[in-house]
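# What the coordinates show
Listed here are the chains, written in short residue letters.
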Amino acid sequence: MDKRRIRKLGNRRLILLMVIGVFFIACKDDPQPPKKEEIAKVEPQDVFEFGFKLNDFVVKRDTVKSGESFGQILERNRIGYPKIFHIAEKTKETYNIARFFQQGKPYTILCSKDSLELPETFIYQPNKEEYVVINFKDSIHAYTSRKPVKYVEKTITGIVTSSISETIDEQGASPVLTNKLADEIYAWTIDFNRLQKGDRFKVIYTDKYIDDSIYVGVHDVKAAYFEHKNEPFYAFRFQTDSTKGIVDYFNDEAKNLRRAFLKAPVKFSRISSRYNLRRRIAVYGYKVRAHKGTDFAAPIGTPIMATANGTVTESRRKGGNGNYVKIRHNATYETQYLHMSKRLAKVGDFVKQGDVIGKVGMTGNTGGPHVCYRFWKNGKQVDPFKQKLPEAKPISDSLKVQYLDFIKPIKYKLDNIFFQPEIISEEEKNQPIITQLDT
């Protein structure tokens with residue numbers, strides 16, 4: 001073997017030894033194979049509702065179907081009729097569920113957490129806040145309760161460029177806020193159908209939530225500032241009578257913003273026939289048949305509101321008037337609301353302006369759904385649109401000082417809410433905006 005061959009073999013052995021060495025070092029430095037990860041067990045969170053820990057039950061939820069009764073629902077869930085009758089009789093003094101059971105209302109059944117899944121508790125929700133619990137696991141008993149309610153104060157500002165509805169909608173607020181400003185607070189001081197570009201507003205209001213997360217809507221408006229044609233209009237909510245729960249809106253000088261009477265007993269309606277003592281009707285051969293009321297056309301079921309505070313003196317059905325309610329407001333004024341499909345106020349009730357006293361219908365002599373609104377002054381029927389109606393009751397002198405102290409911090413907060421900058425030309429400012437309020 002010559003030297004060249006020996007040198008080649010030596011080089012190969014050296015390379016082989018180096019490869020083995022690197023492999024050995026790599027194996028030595030290589031970490032241990034990863035241990036198998038253990039999956040952590042996540043315990044289910046406790047869920048509480050209606051005062052019950054729902055994790056302890058099989059929960060069944062549904063809504064009352066058309067024509068469905070309380071008994072039918074329990075029978076479908078394997079409760080026999082003798083027990084159903086016993087449950088209804090035992091609990092009707094607390095809540096007569098057979099009488100007040102309504103289509104579309106939600107209910108929850110809590111069943112035993114076993115193979116039988118037998119119902120133990122029935123929970124009925126007549127509205128979003130209230131609920132009725134009927135227990136029949138061991139002993140039969142019922143009670144009513146309410147879900148926790150939270151009120152969240154919020155603020156909103158806006159500059160009108162198209163309409164008040166669009167401006168409020170762009171801010172992500174409920175359209176109910178538009179209606180409160182237009183129909184409840186500024187209805188007598190600002191014509192929302194003739195707003196101008198550049199008009200601006202600030203509002204402090206409260207939103208209502210149930211169970212911290214279910215949004216119910218705008219609860220009330222605490223204060224507002226509206227600048228219309230460069231003129232400021234303040235509004236502050238203030239309770240003037242705690243016994244009757246009367247709340248009004250007043251400006252920064254304690255002047256009531258509303259009139260004693262609403263302009264109309266129904267919202268978003270049109271006048272289909274005015275007060276007219278010389279009206280002639282084709283059906284009667286064009287003979288004069290005086291119309292001593294103002295007809296407001298609206299769909300059947302539309303809420304009818306009392307146009308002012310007062311006491312119900314009549315609530316009945318009679319002849320061509322159909323179902324009607326009559327209210328005495330004071331020694332001078334009375335109002336009457338005809339052709340109702342349903343009366344919701346009874347004789348002796350004290351009603352506040354805006355309270356719903358009935359629903360629009362077609363009872364009595366009527367050719368279409370509407371409410372005939374009649375207005376008395378000193379015992380004589382008159383046209384309400386030709387009367388110089390009084391302002392709402394002002395704040396008493398004793399309350400005025402209290403009111404002005406009450407609004408000080410609210411006005412300070414309102415004044416320190418700044419508008420978002422908006423550039424509007426002088427020409428645009430002078431252009432009126434025809435506003436279509438939300439219906």
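This text follows the structure it describes.
Here's what I pulled together on the structure shown here.

Analysis parameters
Residues numbered from 1 in each chain as written. Predicted model: local features only at pLDDT ≥ 70, side-chain atom pairs only at ≥ 80, totals over all residues. Heavy atoms only, no water. Pairing = 2+ DSSP bridges. Helix = DSSP H or I, 4+ residues; strand = E, 2+ residues; numbered from the N terminus. Axes fitted to C-alpha atoms, helices over the stretch in contact; angles between N-to-C directions. Contact = heavy atoms within 4.5 Å. Salt bridge = Lys/Arg side-chain N within 4 Å of Asp/Glu carboxyl O. Buried < 20%, exposed > 50% of the residue type's maximum accessible area, 1.4 Å probe, protein only.

## A few points about the sheet that holds strand S3 (residues 58–63)
Ordered in space as S3-S4-S5-S6-S7, the five strands form an open sheet in which the pairing is antiparallel. Sheet topology places S3 and strand S7 (141–146) at the edges, where each strand pairs with a single neighbour. In this sheet, neighbouring strand axes are inclined to one another by 20° on average, regardless of whether the strands run parallel or antiparallel. Here four bridges tie strand S5 (residues 119–124) to strand S6 (residues 130–135), and the two strands are oriented antiparallel to one another. Residue threonine 121 lies in a different strand from S6, and its bridge partner there is asparagine 135.

## Concerning the sheet that holds strand S8 (residues 149–159)
If you walk across this open sheet you meet the five strands as S8-S10-S11-S12-S13, and the pairing is antiparallel. The open sheet has two edge strands, S8 and strand S13 (246–250), and neither has a second partner. Here the average twist between neighbouring strands, direction ignored, is 25°. Its contacts with the sheet put helix H6 (residues 176–185) on S8, strand S10 (200–210), strand S11 (214–228), strand S12 (231–241) and S13, and the angle it makes with S11 is roughly 50°. The strands touched by helix H7 (residues 397–415) within the sheet are S8, S10, S11, S12 and S13, with S12 carrying the most contacts at an inclination of about 130°.

## Remarks on the pattern of salt bridges
Per the stated rule, a full pass over the model turns up 23 salt bridges. Linking glutamate 153 and lysine 222 is a salt bridge whose minimum nitrogen-to-oxygen distance equals 3.1 Å. Taken together, the residues span a long stretch of sequence, with glutamate 153 in strand S8 and lysine 222 in strand S11 at a distance of 69 residues. The exposure class of glutamate 153 is partly exposed, given its relative accessible area of 36%. We note a salt bridge from aspartate 415 to lysine 411, for which the minimum N-O separation is 3.0 Å. With a gap of four residues between them, aspartate 415 and lysine 411 both fall in helix H7, about one helical turn apart. Residue classification places aspartate 415 among the partly exposed positions, given a relative accessible area of 30%. Residue classification places lysine 411 among the partly exposed residues on the basis of a relative accessible area of 24%. Residues participating in the shared-partner salt-bridge network are Glu49, Arg61, Lys147 and Asp211.

## A look at unusual backbone geometry
Even without being glycine, aspartate 211 reaches a positive phi, approximately 55°. Along the chain, the position of aspartate 211 falls in the loop between S10 and S11. Judged by its relative accessible area of 29%, aspartate 211 falls in the partly exposed class.

## A closer look at the pairing of strand S19 (residues 310–318)
Looking at chain direction, S19 and strand S22 (residues 350–351) are connected through two bridges and run antiparallel. Bridge pairing in S22 places glycine 310 opposite valine 351. Taking the residues that link successive antiparallel strands as the turn, the S19-strand S20 (residues 322–328) hairpin has three residues, and the phi of glycine 319 there is positive, at about 45°.

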